[in-house]
Amino acid sequence: MPDPHLIRSPNADSRPDGSVPELIVIHAISLPPERFGGSGVEQLFTNRLDPSGHPYYAQIHTLRVSAHYFIRRTGALICFVPPELRAWHAGVSMWRGRERCNDFSIGIELEGCDTLPFEAVQYAVLAGLIADLCVRFPIAGITGHSHIAPGRKTDPGPRFSWARLRQLLSDAGQGEVASRIEPDGWGSDDDELLVAWPFPVGARPA
Ligand SMILES: [Zn+2]
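So, how was this worked out
Residues numbered from 1 in each chain as written. Predicted model: local features only at pLDDT ≥ 70, side-chain atom pairs only at ≥ 80, totals over all residues. Buried ≥ 20, exposed ≤ 12 C-beta atoms within 10 Å, placed from the backbone. Helix = DSSP H or I, 4+ residues; strand = E, 2+ residues; numbered from the N terminus. Pairing = 2+ DSSP bridges. Contact = placed C-beta atoms within 7 Å. Axes fitted to C-alpha atoms, helices over the stretch in contact; angles between N-to-C directions. Core = buried A, V, L, I, M, F, W, Y, C linked by C-beta atoms within 7 Å. Arc of directions from axis to C-beta. Expected span 1.5 Å × (residues − 1). pLDDT = per-residue confidence, 0-100. Parallel < 35°, antiparallel > 145°, perpendicular 65-115°, else oblique. Left-handed = near helix turned anticlockwise from the far one by under 90°.

**Brief notes about the pairing of strand β9 (residues 105-111)**
Most of β9 sits inside the fold, with 7 of its 7 residues counted as buried. Side-chain alternation along β9 places S105, G107, E109 and E111 on one buried face and I106, I108 and L110 on a second face that is also buried. Taken together, the 3 bridges between strand β4 (residues 69-71) and β9 define a ladder with parallel strand orientation. Counted as the bridge partner of I71 is L110 from β9.

**Remarks on unusual backbone geometry**
Here L31 and P32 are connected by a cis peptide whose omega angle stands at -10°. Within the element layout of this structure, P32 appears in the loop between β3 (23-29) and α1 (40-45). Cis rather than trans, the peptide bond between D155 and P156 has omega equal to 10°. Here P156 shows up in the loop between α4 (145-148) and α5 (162-171). You will see that R96, though not glycine, has its phi angle at about 50°, which is positive. One can find R96 in the loop between β7 (94-95) and β8 (98-99).

**Focus on the sheet that holds strand β1 (residues 5-6)**
Spatially, β1-β5-β4-β9-β3-β10 is the arrangement adopted by the 6 strands of the open sheet, whose pairing is mixed. Two strands bound the open sheet, and with one partner strand each, they are β1 and β10 (141-144). Along the sheet, helix α3 (residues 120-136) contacts β3, β4, β5 (77-79), β9 and β10; its crossing angle with β9, the most-contacted strand, is approximately 170°.

**Observations regarding the nonpolar core**
Within soluble globular proteins, side chains that are nonpolar generally end up buried alongside one another. Among the nonpolar cores identified, the biggest contains 45 residues, and I24, Y69, I71, I108, L126, L129 and I130 are the most heavily contacted of them. No other element matches the 7 residues that α3 contributes to this core. Here L126 is in contact with I71, I108, L110 and L165, once residues within four sequence places are set aside.

**Some points on α5**
When α5 is considered as a whole, its buried residues turn out to be W162, L165, R166, L168 and L169. Mapping the buried residues of α5 onto a view down its axis gives an arc of 160°, with all of them on the same face. Structurally, α5 contributes buried residues whose contacts are with α3 and α6 (175-178).

**Overview of α3**
In a regular helix each residue adds 1.5 Å, so 17 residues correspond to 24 Å; α3 covers 25 Å between its end C-alpha atoms and thus fits that length. Looking only at α3, the buried set comprises Q122, Y123, V125, L126, A127, L129, I130 and L133.

**Looking at the confidence of the model for the chain**
Chain-level pLDDT for the chain is 90 on average; 88% of the residues reach the 70-or-more range. Of the regions scoring below 50 in pLDDT, residues 189-206 engages in 20 contacts with residues more than four places distant in sequence or in other chains.

**Re the packing of α3 against α5**
Orientation of α3 relative to α5, taken along the N-to-C sense of each, is 60°, at an axis distance of 10 Å. When the axes of α3 and α5 are compared, the pair comes out oblique. Taken as a pair, α3 and α5 cross one another with a handedness that is right-handed. Between α3 and α5, the contacting residues are Y123, A124, L126, A127, I130 and A131 on the first element and R164, L165, L168 and L169 on the second.

**Topic: the environment of R15**
Among the secondary structure elements, R15 is positioned in the loop between β2 (12-13) and β3. R15 sits 72 residues away from A87 along the chain, and the two C-alpha atoms are 8.8 Å apart. In this structure, R15 is in contact with L85, R86 and D103, ignoring residues within four places of it in sequence.

Quick look at the structure:
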């Protein structure tokens, strides 16, 4: 795993007393939507998004949000918030009956969207990062934003393959870490398999 490039986000604070990271939440984001390689995400997470830069930016530039990590299409890894602190990525959310997932989770954003496959290098960097975080923190579960905020969020979306992430970790001798991945939902690089998305969580096309 590459050392992350540090860009500090002001959108973070201390975790509540006694809270440690127990959950990893995987997200996808691109700014402008479905465009890659620009500085929009970095600007959003540092409260410097120019509302005149794109029509969508005018809607979101006042949001105060962040994630701990961002993995670009190139595999470049950026850390916006140290995992010891609370980042503001999950919003209204629930995991195993517990609300306010920001308190006890680590948020990882992939540069991506619902309509395009993720890059192989993104899966590789993500797997390495997850394995590292599972050594450092008592991570009990790995899930998606859509799974802790159903109906409100769709990311990381139908193009994200949980099976592929699970396989990568297993192949790297991290089968125990792979077993902490909760979603079994389909995700695929194959367009034909995505026609009927969204599938119910856990379901696959025949
Ligand atoms: Zn998200």
